[in-house]
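Below, each chain spelled out in residue letters.
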Amino acid sequence: MLTNESKSNNFIYLDNAASTPIDKEVIDEMLPYLTCSYGNPSSLHKLGRVSRQGILNSRLKVSKLIGCSISEVYFTSGGTESNNLALAGCAKLIKKTNPLCNKIMVSEIEHDSILETISNIEKEMKFNVDFIPANKDGLINEEKFRELVTLETGVISIMLVNNEIGTIQPIKKLAEIAKDKNKKTIFHTDAIQALGKIPLDVKDLNIDLLSISSHKINGPKGAGALYIKRGVNLEPILFGGGQENKLRSGTENVPSIVGFGKACEIATMKLEANKNRIKEIQSYAIKRIINEIAYSKLNGSKKQRVPNNINFSFQGINGEVLLIKLDENEIALSTGSACSSNKKQKASHVLKALGLSHKDITGSIRLSLGYQNTKEELDITITKLKEIISELRKLNEFESESN
Ligand SMILES: Cc1ncc(COP(=O)(O)O)c(C=O)c1O
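Asks: Mind showing me how you'd approach the overall build of the chain here?
Replies: Along its length, the chain carries 13 helices and 12 strands. Against the 2.2 N^0.38 benchmark of 22 Å for 403 residues, the chain shows a C-alpha radius of gyration of 22 Å, consistent with a compact globule. Its C-alpha atoms give the chain principal-axis dimensions of about 65 × 55 × 35 Å. In the chain, which comprises 403 residues, the share counted as buried stands at 57%. Pairs at least 24 residues apart make up 74% of the contacts formed inside the chain by residues separated by at least 6 positions. Total accessible area computed for the chain in this model is approximately 17,900 Å², and 53% of it derives from carbon and sulfur atoms.

Shown next as structure tokens:
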């Protein structure tokens, strides 16, 4: 349930892959920890114990949503930190204990928090990086993947769901291939866009590390977690008081961790119902856009896709101009990946990897649905989209590429 404040603004919010409104129940759960229960969870007194218990309860709720035990959940400040800890933590340990396994494999379509970390590891720790290509639907090429895993592959990181196009990778299969070829390789998956959208079970996926983030599932910003399979070791990247079993020093962000736990509890209960309802709206919207807006093209796999992602390219349109016009009409969505939009605007590396032309890349927008969205909101959005695209095409004297 959303708060009145988040509902009362008249925005149609279709940017839920960037961030989500916080649930009212989540805020209620957090409030005591923002007001009276302010103790440091490391303190021995009662207020400290209350905070400690809040974190423990949250750990249990997170573990239930991803199917692991509580000792395998390590809280962080969010998805970016989880990804950094997973990859840099692994690389540091490999450098110390097994320097010959200095190859890292990632897909070409990872989030920048993976790609930038990898680039740093490559430079600072002298690792070699293998990039796995994706096909035109955004799916990893399994044969190429199999070929590239060797006994020197120390770490593999493939995202479960892509943030721009919503494609779901066959992680279970990829992890199986990887472990078959090299038992010792560590398999990490960035599941930040998968959490709460599709069922997640780390044991079934048979992976070693998995990153998740609170603010993508109607929880607060400032909390995330890394699942670390029992028996898998990492080196810390933050040093200090030794919190999180000595792996992530720093006083815990108790209110956000508690809110994250509540958001996971709600997601556990409502995942199936929310998934089915949003999928229906997604299919409806995709069909309408394809049928009613000429020269439009859905990006990413039609079938292997999370229910909340709609990514389209419109010929003869600049996605940023379209976004601004929609924003003037109180409709919020994004072009490509919102998380990297404070970098100088660069063409989406994901759409590029899929082989899209420069025009199709710049003409793309992403609508990402949340459980609060309704079919009526999508109807309003599509009507506006049609109007604006038609105006812009007239203005640009657009002639389709097929003409
Ligand atoms: C796939 C993916 N990985 C990582 C991140 C970074 O997560 P956070 O914003 O919690 O740092 C994002 C954010 O959008 C994401 O979509």
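Asks: How should I be thinking about the nonpolar core in this particular structure?
Replies: As a rule of thumb, nonpolar side chains are buried together in soluble globular proteins. Membership of the largest hydrophobic core comes to 51 residues, with the highest contact counts inside it found for F145, F187 and F260. Element by element, the count of residues in this core is highest for helix α9 (residues 254–292), at 9 residues.

Asks: What is the right way to look at the pairing of strand β8 (residues 224–228) in this model?
Replies: Within a regular beta strand, the side chains point alternately toward one face of the sheet and then the other, so they alternate between its two faces. Where burial is concerned, most of β8 is hidden: 5 out of the 5 residues are buried. A two-sided burial pattern is seen for β8, the buried positions comprising G224, L226 and I228 on one face and A225 and Y227 on the other. Here strand β2 (residues 73–76) runs beside β8; their pairing, made up of 4 bridges, is antiparallel. In the strand pairing of β8, V73 is matched with Y227. Pairing geometry for strand β7 (residues 209–213) and β8, over 5 bridges, is antiparallel. Counterpart to I212 in the pairing with β8 is A225.

Asks: Looking at this structure, I do not really get the pattern of salt bridges. What am I missing?
Replies: When the charged atoms of two side chains with opposite charge come close together, those side chains can pair. The tally for this structure, following the rule as stated, stands at 20 salt bridges. The partner of K61 in a salt bridge is E29, with the nearest N and O atoms 3.3 Å apart. You can see K61 sitting in helix α3 (residues 46–66) and its partner E29 sitting in helix α2 (residues 24–34), a full 32 residues away along the chain. In this structure K61 comes out as buried when scored by relative accessible area, which is 17%. When the shortest N-O distance is used, the salt bridge between K179 and D208 registers 2.6 Å. Of the two residues, K179 sits in helix α7 (residues 171–181) while D208 sits in the loop between α8 (202–205) and β7, which places them 29 residues apart along the sequence. By relative accessible area, K179 is classed as buried at 18%. One network of salt bridges, with partners in common, ties together R288, E292, D379 and K386.

Asks: Whenever I open this one, the sheet that holds strand β5 (residues 153–157) confuses me. Can you help?
Replies: The strands making up a sheet associate through hydrogen bonds between their backbones, and the pairing can be parallel or antiparallel. Strand order in the open sheet formed by 7 strands is β2-β8-β7-β6-β5-β3-β4, with mixed pairing between adjacent strands. Edge strands, defined here as strands with exactly one partner in the open sheet, are β2 and β4 (128–132). The sheet shows a mean angle of 20° between the axes of neighbouring strands, taken without regard to direction. The pairing of β5 with strand β6 (residues 186–190) spans 3 bridges and is classified as parallel. Across the sheet, S157 pairs through a bridge with H188, a residue of β6. Relative to β7, helix α4 (residues 79–97) is tilted by about 155°, and along the sheet it contacts β2, β5, β6, β7 and β8.

Asks: I'm lost on the sheet that holds strand β10 (residues 309–314) in this one. Help?
Replies: Strand order in this open sheet of 3 strands is β9-β10-β12, and the pairing throughout is antiparallel. Every other strand in the sheet has two partners, leaving β9 (296–298) and β12 (364–368) as the edge strands with one partner each. Across this sheet, the average inter-strand angle for adjacent strands is 25°, counted without regard to direction. Pairing geometry for β10 and β12, over 5 bridges, is antiparallel. Each residue of the ladder has a partner; that of F312, found in β12, is I365.

Asks: Explain α3 to me, please; I cannot follow it from the model alone.
Replies: The α-helix winds at 3.6 residues per turn, so residues separated by three or four positions along the chain end up facing the same way. Taking 1.5 Å per residue as the helical rise, α3 with its 21 residues ought to reach 30 Å, and the 31 Å between its terminal C-alpha atoms agrees with that figure. Of the residues making up α3, those classed as buried are G48, S51, G54, I55, S58, R59, K61, V62, S63, L65 and I66.

Rules of the game
Residues numbered from 1 in each chain as written. Predicted model: local features only at pLDDT ≥ 70, side-chain atom pairs only at ≥ 80, totals over all residues. Heavy atoms only, no water. Helix = DSSP H or I, 4+ residues; strand = E, 2+ residues; numbered from the N terminus. Rg over C-alpha atoms; globule rule 2.2 N^0.38 Å. Buried < 20%, exposed > 50% of the residue type's maximum accessible area, 1.4 Å probe, protein only. Contact = heavy atoms within 4.5 Å. Areas by Shrake-Rupley, 256 points an atom, 1.4 Å probe, with all protein chains shown as cover. Core = buried A, V, L, I, M, F, W, Y, C linked by side-chain atoms within 4.5 Å. Pairing = 2+ DSSP bridges. Salt bridge = Lys/Arg side-chain N within 4 Å of Asp/Glu carboxyl O. Axes fitted to C-alpha atoms, helices over the stretch in contact; angles between N-to-C directions. Expected span 1.5 Å × (residues − 1).

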